[in-house]
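# Tertiary structure, described
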Amino acid sequence: MSNGVEWALHGCVTLSQSREPVPAARLAELHGTPPAYTAKHLQALSRAGIVRSTAGQVGGYALTRAAGRISVLEVVRAIEGHDPAYRCAEIRQRGPLAVPGERCVRPCAIARAMADAQAAWEAALARVSIADLAEAIDVDSDGTAMLDVRRWLGAG
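These numbers were taken from a predicted model, which means no experiment stands behind them.

## Concerning helix 5 (residues 109–126)
The end-to-end C-alpha distance of helix 5 is 25 Å, a good match for the 26 Å that 18 residues give at a rise of 1.5 Å each. When helix 5 is considered as a whole, its buried residues turn out to be Ala111, Gln118 and Leu125. Looking down the long axis of helix 5, one finds its buried residues gathered within 55° of arc, a one-sided arrangement. Residues of helix 5 that are exposed and point over 90 degrees away from its buried face: Ala109 and Asp116. Buried residues along helix 5 sit in contact with helix 4 (72–80).

Printed below as a string of structure tokens:
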């Protein structure tokens, strides 16, 4: 998984704390990322319908819906795509002990285990929202992180 997922999640948490659109340059500054890198991931989030951009003097990015209605899985998929982490290459059909294709009527035990793991991972990420992350980050910081973010955004 790319670092873009981490940034995108932090970016969405940040946007969840603002009542106004946040300029991409301001998000890049807050997270210490290059502006072009930030813009690339904001575009992916926008294509996925997670954020929207507004132009003009007070333009920037905002979440398209309440943070409690945006799952971590949606953000991961926006950045990484929908392809599973594991792709079976049917190795069992190769080499000196190859299993004939006609005997491979269902995925092998390895592919099934990996598919089960993928499903569990996706289900876990689908249960966590951007609002949940913001709340947990705040708990981890003894209740100061989101206040600090709101103040920082307001100072810009």
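## Considering the side chain of Thr14
Among the structural elements, Thr14 can be located in helix 1 (residues 3–16). For Thr14, a relative accessible area of 4% puts it in the buried group. Within the structure, Thr14 has its side chain in polar contact with the side chain of His31 (distance 3.2 Å). Among residues more than four places away in sequence, those in contact with Thr14 are Leu27, Leu30, His31, Val149 and Leu153.

Conventions we followed
- Every residue gets a number counted from 1 within its own chain, in the order that chain's sequence is written.
- For this predicted model, a pLDDT threshold of at least 70 governs which residues receive local features, and a threshold of 80 or more governs which side-chain atom pairs are given and counted, while totals over whole chains, interfaces and linings are taken from all residues.
- Excluding hydrogens and water, the side-chain figures rest on all heavy atoms present in the structure.
- Here a strand is any run of E in DSSP of at least two residues, a helix any run of H or I of at least four, and the numbering for each starts at the N terminus.
- Expected helix span is computed as 1.5 Å times (number of residues minus one).
- Buried residues are those whose accessible area, probed at 1.4 Å on protein chains only, stays under 20% of the maximum for their type, while exposed residues exceed 50% and partly exposed ones sit between those limits.
- The directions considered for the arc are those from the helix axis to the C-beta atoms.
- Working rule for contacts: check all heavy atoms of both residues, and any pair within 4.5 Å makes them a contact.
- Residues adjacent in sequence count toward polar contacts only when both atoms are side-chain atoms; beyond that, a polar contact is any pair of N or O atoms within 3.5 Å, and within protein one must be able to donate a hydrogen and the other to accept it.

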